[in-house]
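What follows is the residue order along each chain.
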Amino acid sequence: EKEGGFTFGASPAGEKEGGFTFGSNTKGQVSFGTTAAAGSKPFSLGGEGSSAETPALFGGGEAQPFGGGSTQPTAEKVEKFGEGGKEEGDDAVEQAESTQEFAPVVQLEEVEVKTMEEDEEIVFKMRARLFRFAETLLNKGSGKKEWIERGVGEVKLLKHRENQKIRLLMRQERTMKVIANHVADPRISLKPNVGNDKSWVWSAFDFSDGELVEEVFAVRFANADNAGKFKDAFVDAQESMKVLFAGEDAGPDPEADDAANALANLKTNDASADDGFVKVDNNNDDGPSEE
């Protein structure tokens, strides 16, 4: 080979000086993978062993963290986010409260809302879910009916204090809309809904929408016990209404009886001549005469 050739591996015997090879260390040649010559400084990136004669690479000097500065921990307290010394005037700002008052533009007066239940007393009340067997909006006029949920609320039996009539009333628990309102008619018959012991079905003339319409209702309770209590209370209300429809009194009235006895005990005394009363003789046409 010619002098100064480039080869990989060991140099062949008799090769002249000045050649460049990988993996060998021949005098006068540059090679990779061999150790540095004796007495030379080790290769470092700014580490120890650098001196004025052999400066360290990449800035030299002692090893420092990125950004410079000392690596020794300091005794200063690390300030957390949101913590720090309060500036002047902070206490005054925290203690200050707004005293501004804004008057409403429109003054709304309190309005008393009457539910028409003020003159009635609650005989029975229990939470339930009400359904109505009717046509939907899509099937209006087609005659096809199905069960439609009316809402969830408290079904009540209300007894009027004056006329003693009892009605069934139910409102939606959120909107308070009337969804059932009819008299506890003795002709109404409660029937189980397809053998379900938690539900009852009946038909009645309902007035919840402002018009008297015959509706078919179904009410469902949480359990069979609640359904049984509703039926017992409704049957008792029907018995009371049957008495009223027959024209009989709803029950004895002590005040009315006392007044009748007092009137029966009243008696009139005959007038006498000594008292100066004038007795009128209806059979005498001449007029009254004194006795």
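Here, every reference points to the structure presented above.
Presented here is an overview of the structure given in this document. Each chain has its residues counted from 1, running along the sequence as written. For a predicted model such as this one, the threshold for reporting local features is a pLDDT of at least 70, and the threshold for listing and counting side-chain atom pairs is 80 or more; totals across whole chains, interfaces and linings nevertheless cover every residue. Hydrogens and waters are ignored; side-chain quantities use all the structure's heavy atoms.

## A closer look at the overall build of the protein chain
Cut-off, in case you're wondering: Going along the chain from the N terminus, every DSSP run of H or I of four or more residues is numbered as a helix, and every run of E of two or more is numbered as a strand. Every residue pair with non-hydrogen atoms within 4.5 Å of one another is taken to be in contact. Accessible surface area values rest on a Shrake-Rupley calculation with a 1.4 Å probe, where residue burial reflects the displayed protein chains alone.
Looking only at helices and strands, the protein chain has three helices and nine strands in total. Sequence-ordered secondary structure for the protein chain, helices as α and strands as β, is β-β-α-β-β-β-β-β-β-β-α-α. Restricting to contacts in the protein chain with at least 6 residues of sequence separation, those with at least 24 account for 40%. Summed over its atoms, the accessible surface of the protein chain is roughly 23,500 Å², and 51% of this surface lies on carbon and sulfur atoms.

## A word on the nonpolar core
Nonpolar side chains in soluble globular proteins tend to be buried together. What counts here: To define a nonpolar core, start from buried Ala, Val, Leu, Ile, Met, Phe, Trp, Tyr and Cys residues and group those joined through side-chain atoms within 4.5 Å. When a residue's accessible area, from a 1.4 Å probe over protein chains only, is under 20% of the maximum for its type it is buried; when over 50% it is exposed; and in between it is partly exposed.
Counting 26 residues, the largest nonpolar core has Trp202, Phe221 and Phe230 as its most contacted members. Elements supplying a minimum of two residues to this core: strand E3 (120–134), strand E4 (146–160), strand E5 (166–172), strand E6 (178–183), strand E8 (196–206), strand E9 (213–220) and helix H2 (224–245). For this core, the leading source of residues is H2, giving six residues. Beyond its immediate stretch of four places on either side in the chain, Phe221 contacts Met126, Arg127, Ala128, Val155, Lys198, Trp200, Asn226, Ala227 and Phe230.

## Focus: the pairing of E6
On a regular strand, each side chain points to the face opposite its neighbour's, so the side chains alternate between the two faces of the sheet. Filter applied, for reference: One bridge is not enough; two strands pair if DSSP finds at least two bridges between them.
Most of E6 is tucked away: five of the six residues are buried. For E5 and E6, the ladder comprises five bridges, and the chain directions are antiparallel. Each residue of the ladder has a partner; that of Leu168, found in E6, is His182. Between E5 and E6, which pair antiparallel and follow one another directly, the connecting turn spans five residues, one of which, Met176, has a positive phi of 60 degrees.

## With respect to the pattern of salt bridges
In plain terms, the rule: Any Lys or Arg side-chain nitrogen found within 4 Å of a carboxyl oxygen on Asp or Glu counts as a salt bridge.
Tallied over the entire structure, the rule returns nine salt bridges. Here Arg167 makes a salt bridge to Glu120, at a shortest N to O gap of 2.9 Å. Taken together, the positions of Arg167 in strand E5 and Glu120 in strand E3 put the pair 47 residues apart, joining distant regions of the chain. Here the two residues Arg167 and Glu120 agree in accessibility, since each one is buried. The shortest N-O distance in the salt bridge between Glu215 and Arg132 comes to 3.6 Å. Note that Glu215 is positioned in strand E9 and Arg132 in strand E3, a separation of 83 residues in sequence.

## Describing the packing of aromatic side chains
Heads up, the rule is: In summary, the pairing rule links any two rings of Phe, Tyr or Trp, Trp by its six-membered ring, whose centres are within 6.5 Å, and it sorts them by plane angle into stacked for under 30 degrees, edge-to-face for over 60 and tilted for everything else.
Under the defined criterion, the tally for this structure stands at six aromatic pairs. With a centroid separation of 5.9 Å and an interplanar angle of 40 degrees, the aromatic rings of Trp202 and Phe217 are classed as tilted. Highlighted residues: Trp202 in strand E8 and Phe217 in strand E9, separated in sequence by 15 residues. Clustering of aromatic rings is evident, with ring pairs tying together Phe124, Trp202, Phe217, Phe221, Phe230 and Phe234.

## A look at the side chain of Ser208
Counting through the fold element by element, Ser208 comes out in the loop between E8 and E9. Look past the residues within four positions of Ser208 in its chain and what remains in contact with it is Arg150, Val178, Ile179, Ala180 and Asn181.

## Here's the deal with a nonpolar patch on the surface
How we decide: Patch construction takes residues with relative accessible area above 30% that form no salt bridge. Like charges are linked within 9 Å, and nonpolar side chains (Val, Leu, Ile, Met, Phe, Trp, Tyr) are linked within 5 Å.
On the surface, Val105, Val106 and Leu108 cluster together into a nonpolar patch covering about 400 Å² of accessible area. For Leu108, the location among the structural elements is in the loop between helix H1 (90–95) and E3.

## Focus: the sheet that holds E6
Where we set the bar: Axes here refer to lines fitted to C-alpha atoms; in helices the fit is confined to the stretch in contact. Angles between the N-to-C directions go from 0 to 180 degrees.
Spatially, E6-E5-E4-E3-E9-E8-E7 is the arrangement adopted by the seven strands of the open sheet, whose pairing is antiparallel. With partners counted over all chains shown, the strands left at the sheet margins are E6 and strand E7 (191–193), one partner each. Strand-to-strand twist of the sheet, defined as the mean angle between neighbouring strand axes without regard to direction, takes the value 35 degrees. Lying on the sheet, H2 is in contact with E3, E4, E5, E6, E8 and E9; it crosses E8 at an angle near 30 degrees.

## Comments concerning a negative patch on the surface
Note the following rule: In this tally, Asp and Glu contribute negative charge and Lys and Arg positive charge; neither His nor the terminal groups of the chain are included. A single reference atom marks each charge: NZ on Lys, CZ on Arg, CG on Asp, CD on Glu.
Where like charges cluster on the molecular surface, the negative patch consists of Glu110, Glu112, Glu118, Asp119 and Glu162. Within the fold, Glu118 resides in the loop between H1 and E3.

Bear in mind that shape data such as this cannot, by itself, settle questions of function.
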